[in-house]
Each structure stands twice: as structure tokens, then as C-alpha cells.
Amino acid sequence: MSIDQALIAKITSEILAQMQDKATQPCENKSGIFNTVDEAVAAARVAYKELRTFSIEKRESFVQAMRDVAYENATILAEMAVSESGMGRVSDKIIKNQMAAIKTPGTEDLETKAWSGDCGLTLIEMGPYGVIGAITPTTNPTETVICNGIGMIAAGNTVFFSPHPTAKNTSIKIITLLNEAVVKVGGPANLLTSVAEPSIKAANEMMKHPGINMLVATGGPGVVKAVLSSGKKAIGAGAGNPPAIVDETANIEKAARDIIAGCSFDNNLPCIAEKEVIAVGSIGDELITYMQKYGAYLISGATIGRLMDVIMTSKEEKIAEGCTEKIKKVYGINKDYVGKDAKYILSKIGIDVPDSIRVVICETGPDHPFVMEELMMPVLPIVQVKDIDEAIALAVKVEHGNRHTAIMHSKNVENMTKYAKAIETTIFVKNAPSYAGIGVGGEGFITFTIAGPTGEGLTSPRSFTRQRRCVLVEAFSII
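Residues numbered from 1 in each chain as written. Predicted model: local features only at pLDDT ≥ 70, side-chain atom pairs only at ≥ 80, totals over all residues. Heavy atoms only, no water.

Chemist: Please explain the side chain of His368 as it appears in this structure.
Modeler: When you line up the elements, His368 lands in the loop between strand S14 (359-363) and helix H14 (369-372). His368 sits in the buried class, given a relative accessible area of 18%. Engagement of the side chain of His368 in a polar contact is seen with the backbone nitrogen of Phe370, the distance being 3.0 Å. Once residues lying within four places of it in the same chain are set aside, the contact partners of His368 are Ile304 and Met308. (Helix = DSSP H or I, 4+ residues; strand = E, 2+ residues; numbered from the N terminus. Buried < 20%, exposed > 50% of the residue type's maximum accessible area, 1.4 Å probe, protein only. Polar contact = N/O pair within 3.5 Å; in protein donor to acceptor, adjacent residues only side chain to side chain. Contact = heavy atoms within 4.5 Å.)

What follows is the structure in C-alpha cells.
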């Protein structure tokens, strides 16, 4: 369903007008949106104290209300995100919003451990941190708020969100919806807060704020480094450059279909998405043929260079090697093309393709910038290697030690085991599109905050808790 842009603009205008009316009255504000960081954190602190008075059963009812409103508004939120950020695909963002609403764990994730014996009873329970400061990306502006919001409130916290400024209206919309849903079922106002004008300055202020007990950053290496340097307890979900290996034992047609599906999902914005393919042995040509069948457009020769000139930036830097200096060309990403459709990207080099084309593919060498950089757009380089050992060595190299995600298509358990041990990623998907690794078409819960750098892995409510130990001596042991 397509929603008129005028309607989106009208909704955005109404949200901003409501914020201006309410932000000057923090005590009465129930939308969660304030003029200053101080006001937003103070409101979240008040809400936290009130949330502590409710039972876990009642807290779960707040979570269910958040799920319902997020699911019901999945389409308008997807439309707003693509319209505002200029990134991604509406149809895929709808799925991401719906899955975040349905498959993010709730209070059931909070497990109590107990020991009883001659000396009595000891419990370890998962208690909240307090007010969490969460930084969210423009690539997943609503999905991350839904997922983090549900998980953090389920754990008994409240949260101040620092959205990316390029998706501020969309982020504010979902924060407002979630707050309204909680209040409607009898919960505290302002369990989720933010500022009307998100900015780097506001994010820095939030990170240093004494009222923030914990930080969670979902984004690139810069923001993860910032929260880890804050002096607070921090969870960092950083970048990835997931390699997909296809060996000779794989179902080649299925591998091609799955790789195109995973790579093209939301125009390659997810950090788990296939970013390069490594084909083992003689299967490369067959794999490429099947990829074209399932929505890929193959470019070659000078066309690859023309595309690189458009979607990448470059500059020369002096690199010291011993007593001499060498000039090295350093490549980066042209952010104007992040999350854009393959059709749009190809049009910029004079190639017109139908809407059915979802990915641009090309054969490159192992050190090509398309392979070494995380493009975050539906452009997929393919490297052919002679054997599985060479494939694994290259995969480890191009993953850059992010320990994020790796993919493999194979029927050889020994090869899969060897690859998993070598690459040490948080997520390892076998014989499926990459998104199966976060529970979309695969088992398990979903998350959009995958904390490889800090070790929490796929975050859930328990990730946002601290252990509390309760000991009672010489009682409650009934054996």
C-alpha cells in the first residue's frame, strides 16, 4: 500500500506541533518528547520510579501494548522512514517493524537462578539498571526503537533515545506511539523519551548525563567507541562486513536465491546482510547465472570502474613504511547511495533496468574496494578462489575482526565447522539468507542491536539488566 507524501508531511507537522505545545510542560507531557536533554532524562527518571511500583505481570501488559501499536503502524512507519531518510525498501521495513513487534522477547527472558541447601536459599535475579541512553541509527530508525524499547522496558528500565538526526521525525513518531500505548493501558507516561531536535550535541550531552545509568549504541565504529569511552556501563553494536562462502557441495541454485534475498533485503542496510561472496572451485559461473535468474544484474570490465567512481570516494594518504613514505589510495562510501535501489544506482552510470532487478553483481579480485569496504547498498562483489582454505582465509580478512556475521552455503559439515572456528562471528548462518540469523525465516528471537564489540551478542531484555543476589540463611530449605 502506498501512502501519499502529503499525508506523511501532514502527520509529521502534527507531531511537531504537539511537541511544541507539550515540551514546555514536562510534568504534563505524555509523548516523551522534550526540548532539552535534562528535561527528557528527568522525565525518564520519574517514569522509572513509577515503573518500579508495578508488578512484572503488569509490566508485561505495557510491553504487549507496545507490540500492538508497533505492529498496527508498521506500514506508515516504514513509509515515513524511507521518505525521510531516503534509504531502504518500504516492503522490507514493514517486515522488520512487524518482526520487531512480534519476536522481541519480553519479561519471560528474565530468568531467576536459585540454590537451596543446608545453609538456606540464595537467589540471583535480573534487576534493571535505571535510565538507559540508547543511540539509534538512520538505517533502522523504527525497528531499533521498537526492539530496544520493548527489551529495555521489559527489563524494568526506562530509556532516553538519541535518534539519528536524518530520521528524527520517524523516530519521534514511534516513540510517541509507544508512550501513548503504555499510558492507555494504565502505565506511566514517558517510559521512552527523546528531544525534539536530536543532534550530535544532544547525544554527547546524554552520554555524559549523571541521570543515565547505562548506554546502548547501535551504529558504526565511531558511536560505539564513544559509548565505550564514556565511563558508564555500555553495550556497543558495531559495523560488519559479512562474507558469504559458497563451496562445491552447496545447492547452487538455492544458494544464489538466498544470497540475493539476503543481500537485497532493505537494500543491504542490515549489518548482517551479505556484503561479498566467495565462490569455491568451479561453481562461480553457475552461481552467477542463477543469481541473474533471481534478480541480479551482472556488470563487468570498465563498467565496474564507472560504478566505483559513483558509489565510492577516494583520497590519497601518506603511509610510513620504515624510513620511507608511500602514497596509498584510501576508499570510502558515497553516502548518497547507501540504501538506494539497484535500479537507481545503475541509472547513475547510464544503465536502465526493470524494477525486478534488486542487486548489482560483479566479479572482482580479493582486494577490490567493493570487497574490503562495507557498502551498505545492493552491490555485491563475487570473488572466485581455488579451495575452501583460501575461501576461509579471505573471509576472515575481509570481515576485519568485527566478529559480526558470516554466511555459508555448503553440505560439508567439516567445512562449516572450520569456517565457524576461524571467523568467530556472533552470527553464523548456514544455507539460508542472512536475515535468518536474526529470526526472520529462522528460529529464535529478533534484535537489531547485535553487540559483537562488547560481547552481549544478540541483545534481549536480560542484556539490559544487572544481577542481584539475595541470600537467606537457615531458612527456606525444605529438604
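So, next bit.
Chemist: Help me understand the confidence of the model for the protein in this model?
Modeler: Any region with low pLDDT has predicted coordinates that should not be read closely. Put simply, the protein has an average pLDDT of 94, and 94% of its residues get 70 or more. Note on residues 22-27: pLDDT under 50 across the span, and ten contacts to partners over four residues away in sequence or across chains. (pLDDT = per-residue confidence, 0-100.)

Chemist: What is the right way to read the nonpolar core from this model?
Modeler: Note that soluble globular proteins tend to have their nonpolar side chains buried in a common cluster. Judged by nonpolar contacts, the single largest core of 75 residues is most densely connected at Leu192, Val246, Val277, Leu287, Met291 and Ile361. Leave out the neighbours within four places in its chain, and Ile361 touches Ile260, Ile288, Met291, Gln292, Ala296, Tyr297, Leu298, Ile299, Leu380 and Ile382. Residues Ile311, Ile345, Leu346 and Leu375 belong to the second largest nonpolar core, which totals 25 residues. (Core = buried A, V, L, I, M, F, W, Y, C linked by side-chain atoms within 4.5 Å.)

Chemist: Mind showing me how you'd approach unusual backbone geometry here?
Modeler: Where the residue is not glycine, phi is negative for most of them; where a peptide bond is considered, it is trans in most cases. Within the chain, Asn190 stands out as a residue other than glycine whose phi angle is a positive 65 degrees. You can see Asn190 is positioned in the loop between helix H7 (168-184) and strand S6 (192-195). A relative accessible area of 5% means that Asn190 is categorised as buried. The backbone of His400 sits at a positive phi, close to 65 degrees, despite the residue not being glycine. Classification of His400 as partly exposed rests on a relative accessible area of 42%.

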